[in-house]
Amino acid sequence: MRGSFACPRRFMNILTRRDLLRTAGVLGGGAALAYLFPPSIARAYALLQQAPDPVAAAAAARAGTAKIPIDVTKLTDTITMLSGPGGNVVVLNGPDGKVVVDTFVQGAFAPLQQRLDAMGNTPIVSVVNTHWHFDHADNNESFRSVNAAVIAHQNTTKRLSETRDLLGMRFLPAPKGALPTQTFDQLHNLSVNGDLVHLGYVPPAHTDTDITVYFTDGEVLHMGDLFFNGMYPFIDASTGGNINGMIAAADGALKLANVAMTIKIVPGHGPLADRGALTKYRDMLVTVRDRIAKLKKAGRTEKEVVASKPTADLDATWGKGFMMPDVFVGIVYNTL
Ligand SMILES: [Zn+2]
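Residues numbered from 1 in each chain as written. Predicted model: local features only at pLDDT ≥ 70, side-chain atom pairs only at ≥ 80, totals over all residues. Heavy atoms only, no water.

Peer 1: Looking at this structure, how should I read the nonpolar core?
Peer 2: Side chains of nonpolar character tend, in soluble globular proteins, to be buried together. Counting 72 residues, the largest nonpolar core has Phe-143, Leu-278 and Phe-328 as the members making the most contacts within it. Residues within four places of Phe-328 in sequence aside, it is in contact with Tyr-232, Pro-233, Ile-235, Met-284, Leu-285, Val-288 and Met-323. With 20 residues, the next largest nonpolar core counts Val-192, Leu-199, Tyr-201 and Val-220 among its residues. (Core = buried A, V, L, I, M, F, W, Y, C linked by side-chain atoms within 4.5 Å. Buried < 20%, exposed > 50% of the residue type's maximum accessible area, 1.4 Å probe, protein only. Contact = heavy atoms within 4.5 Å.)

Peer 1: Teacher, can you tell me more about the coordination of the zinc ion here?
Peer 2: Ideal values for angles at a metal depend on the geometry: 109.5 degrees with four tetrahedral donors, 90 or 180 degrees with six octahedral donors. Every protein donor of the zinc ion is accounted for by His-131 (NE2), His-133 (ND1), His-206 (NE2) and Asp-225 (OD), and the metal-donor separations fall at 2.1 to 2.2 Å. Of note, the zinc ion draws all its donor residues from one chain, in the sequence arrangement H-x1-H-x72-H-x18-D. Highlighted residues: His-206 in the loop between β11 (195-201) and β12 (211-215) and Asp-225 in the loop between β13 (220-222) and α10 (243-259), separated in sequence by 19 residues. As far as the burial class goes, His-206 and Asp-225 line up, both buried. (Donors = N, O, S within 2.8 Å, 3.2 Å for Na, K, Ca; no water. Helix = DSSP H or I, 4+ residues; strand = E, 2+ residues; numbered from the N terminus.)

Peer 1: Help me understand unusual backbone geometry in this model?
Peer 2: If a residue is not glycine, its phi is most likely negative; likewise, a peptide bond is most likely trans. The phi angle at Asn-193 is positive, at roughly 55°, despite the residue not being glycine. Of note, Asn-193 is situated in the loop between β10 (187-192) and β11. A residue is classified by how much of its surface remains accessible, and Asn-193, at 16% relative accessible area, is buried. Despite not being glycine, Lys-309 shows a phi value in the positive range, around 50°. Examined against the element boundaries, Lys-309 turns out to sit in the loop between α12 (302-307) and α13 (315-318). Owing to a relative accessible area of 39%, Lys-309 belongs among the partly exposed residues under this scheme.

Peer 1: Help me out: how do you make sense of helix α11 (residues 275-297) in this one?
Peer 2: Helical periodicity: at 3.6 residues per turn, an α-helix aligns residues three or four positions apart in one direction. For α11, with 23 residues, the first-to-last C-alpha span of 32 Å sits near the 33 Å given by 1.5 Å per residue. All of the buried residues along α11 are Leu-278, Tyr-281, Met-284, Leu-285, Val-286, Val-288, Arg-289, Ile-292 and Leu-295. If you check the start of α11, you find a side-chain oxygen 3.2 Å away from the backbone N of Gly-276, and it comes from Asp-274. Two residues or fewer after α11 comes Gly-299, characterised by a positive phi angle close to 95°. (Expected span 1.5 Å × (residues − 1). Polar contact = N/O pair within 3.5 Å; in protein donor to acceptor, adjacent residues only side chain to side chain.)

Peer 1: In this structure, what is going on with helix α6 (residues 109-118)? I would like to understand it.
Peer 2: Where α6 is concerned, the buried positions are Phe-109, Leu-112 and Leu-116. Buried residues in α6, looked at end-on, bunch into an arc of 65°, giving them a common side. For α6, exposure combined with an orientation more than 90 degrees from the buried face picks out Ala-110, Gln-114 and Ala-118. Next to the buried residues of α6 lie β2 (79-84), β3 (86-94), β4 (97-101), β5 (124-128) and α8 (140-145). Two residues or fewer past α6, Gly-120 is found with a positive phi of approximately 135°. (Arc of directions from axis to C-beta.)

Peer 1: Looking at this structure, how should I read the environment of Lys-255?
Peer 2: The residue Lys-255 is located in helix α10 in this model. Sequence-wise, Lys-255 and Arg-275 are 20 residues apart; in three dimensions their C-alpha atoms are separated by 9.9 Å.

Peer 1: How should I be thinking about the sheet that holds β12 in this particular structure?
Peer 2: As a general point, the strands of a sheet are linked pairwise by backbone hydrogen bonds and lie either parallel or antiparallel. Across the sheet, five strands lie side by side as β10-β11-β12-β13-β14; this open sheet has mixed pairing. Two strands bound the open sheet, and with one partner strand each, they are β10 and β14 (264-266). If you compare each strand with its neighbour and ignore which way they point, the axes differ by 15° on average. When β12 meets β13, the two strands line up antiparallel, connected through three bridges. Within the sheet, the bridge partner assigned to Tyr-214 lies in β13 and is Leu-221. (Pairing = 2+ DSSP bridges. Axes fitted to C-alpha atoms, helices over the stretch in contact; angles between N-to-C directions.)

Don't take any of this as a statement about function, it's just geometry.
Rendered as structure tokens:
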């Protein structure tokens, strides 16, 4: 298994489908994929093994993820979190209409729309993409077709317009109708339903397209995939992601969290969090980074570092979710 991740250059381009299939062959069945994705999504991704090519693999991933049911969590009188078929979605609803942050995957638009309709018949005025990944930005076209503006960082448009390989899947350039309608460089504010919503660019961390979304009145912060609550995060080095950026992003969010009274923090994946959960995650990132940086500086190869199990004491807590420890160690090594 380690051999699949031993070549830094290859890993920097993120796992090729061949790596994924080879790894699957070694580990057998869904186990290979379970370390990349949470159990429910891992089942969906097991379909990748039968997919004839990377484009079909992306379609299979979408179809499998779309079947996951939507959970609803009310955060404030006006703000709701939806979880399930993709990254966590946050909705601000009020007389001016709805603002929706992230969109789930294609195929989950109908159940998402049903949930939005159940909140009231106000229009969807704006949709925000926290970053370019398909499990967050996949329904832009459907939202545009109901006249919502789609707001994102300018790099999201760039990444969605390219052919991109990710975790054995190939994403072809999005049609023009699925691109953001409004983009920004550093900051963008929305004033809706008496709440001021701050959209802020974060230097490359999970990708080079990441933004955070802060609802100032409700004190709700959506961090997208800068935060995987309770598990090692995926970092997409193929579009600029790196461990130091992830730590800087967590530090930035904690600065905000420390001055808010009752902050609720929505991760890209995992349960709703508070300041304490984000602090633990940030401290874990720093510990892992420091240990691996020390070994790399001492001249150890990636293979040696992975074999030395530098996260052994942390794995019981953090290694049971999205990423298997060996894979996470490889990513951190290669982005230092
Ligand atoms: Zn992501």
